[in-house]
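Chain by chain, the residues:
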Amino acid sequence: MSQAPIGVFDSGVGGLSVLREIRARLPHESLLYVADSGHVPYGEKSAEFIRERSQHIAEFLLGQGAKALVLACNTATAAAVAELRARYPELPIVGMEPAVKPAAAATRSGVVGVLATTGTLKSAKFAALLDRFASDVRVITQPCPGLVEQIEAGELDSPRTRALLQGWVEPLLAEGCDTLILGCTHYPFIKPLLRELVPDAVSLVDTGAAVARHLQRLLEQRRLLAGEGTRARARFWSSGTPQSLAGVLPLLWGEACAVQPLP
């Protein structure tokens, strides 16, 4: 069982930012990745629809032999992780949540900005995070409609992406924000562009590395870590056009790989 792969999914290519962190921390693990690009972005969909998609993809990944599941999507986690954990109580399942706790601890000005999808910002899970960790700081939320689609298209530094980001970030900076939460797994891919648009003193916070650490702890506890001699491989599926995912893999994953259509 320890040689079995880890299943990871997202609404599209954003979860590749988490997949990279998992590969860096757990280089001997084989990985399965599903991009639900036929239904991207999740941020504008109903919670019921996202739960149905998450269940469908979880069953597919388990059918491929996954020993653990990672919901590499803040919106899917908010909508579906509790139901998946109830359905598969023995399975290690890791979700994502915006980095409110570390951002609240890091801010010096007491003002934290959140860039996220509408679905994440509206979720009860996000409201609970604010109640728990951000009661003594000011949190300004900024929905970013259209940004996921730009990143899906590989437009990490195009004039349109730059203009969208600038329009969202400038009001946050004007309010004195010194810490920015990247509340969607797509957004780490535009960190280089964000760094050009915000002062060096502004911290950019995301949770990909923390998710990889948590996954490692769960696998260690259950003695499911792959051995060092294991030949790791990564396999990819998309519910959208496989060629689209294959086209951005060299940019976002770092190498070209075959992509199969999600049944």
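Our structure's up above, just so we're on the same page.
These numbers were taken from a predicted model, which means no experiment stands behind them.

Here's the deal with the nonpolar core
Most often, soluble globular proteins have nonpolar side chains that are buried together.
Link 1 in the chain: Of all hydrophobic cores here, the largest spans 56 residues; its most connected members are Leu 16, Val 70, Leu 115, Leu 180, Tyr 187 and Phe 236.
Link 2 in the chain: Setting aside its immediate chain neighbours within four residues, Phe 236 contacts Leu 16, Leu 19, Tyr 33, Leu 245, Leu 249, Trp 253, Cys 257, Ala 258, Val 259 and Gln 260.
Link 3 in the chain: In this structure, Tyr 42, Leu 84, Ile 93 and Leu 262 belong to the second largest nonpolar core, which totals 22 residues.

Concerning the packing of aromatic side chains
Link 1 in the chain: Tallied over the full model, the rule gives 3 aromatic pairs.
Link 2 in the chain: Ring centres of Phe 60 and Trp 237 lie 5.1 Å apart, and the angle between their planes is 80 degrees; on these two criteria the pair is classed as edge-to-face. Taken together, the residues span a long stretch of sequence, with Phe 60 in helix 2 (residues 47–63) and Trp 237 in strand 9 (residues 234–238) at a distance of 177 residues.
Link 3 in the chain: By relative accessible area, Trp 237 is classed as buried at 2%.
Link 4 in the chain: An aromatic cluster of at least three residues, connected via ring pairs, comprises Tyr 33, Phe 236 and Trp 253.

Considering the packing of helix 2 against helix 3 (residues 74–87)
Link 1 in the chain: In the contact formed by helix 2 and helix 3, the axes pass within 9 Å of each other and the chain directions differ by 55 degrees. If you check the angle between helix 2 and helix 3, you find them oblique. Relative to helix 3, helix 2 is oriented so that their crossing is right-handed. Here helix 2 contributes Ala 47, Ile 50, Arg 51, Ser 54, Gln 55, Ala 58 and Glu 59 to the contact with helix 3, which in turn contributes Thr 75, Ala 76, Ala 79, Ala 80, Glu 83, Leu 84 and Arg 87.

Definitions and cut-offs
Residues numbered from 1 in each chain as written. Predicted model: local features only at pLDDT ≥ 70, side-chain atom pairs only at ≥ 80, totals over all residues. Heavy atoms only, no water. Core = buried A, V, L, I, M, F, W, Y, C linked by side-chain atoms within 4.5 Å. Buried < 20%, exposed > 50% of the residue type's maximum accessible area, 1.4 Å probe, protein only. Contact = heavy atoms within 4.5 Å. Phe/Tyr/Trp six-rings, centres within 6.5 Å; stacked < 30°, edge-to-face > 60°. Helix = DSSP H or I, 4+ residues; strand = E, 2+ residues; numbered from the N terminus. Axes fitted to C-alpha atoms, helices over the stretch in contact; angles between N-to-C directions. Parallel < 35°, antiparallel > 145°, perpendicular 65-115°, else oblique. Left-handed = near helix turned anticlockwise from the far one by under 90°.

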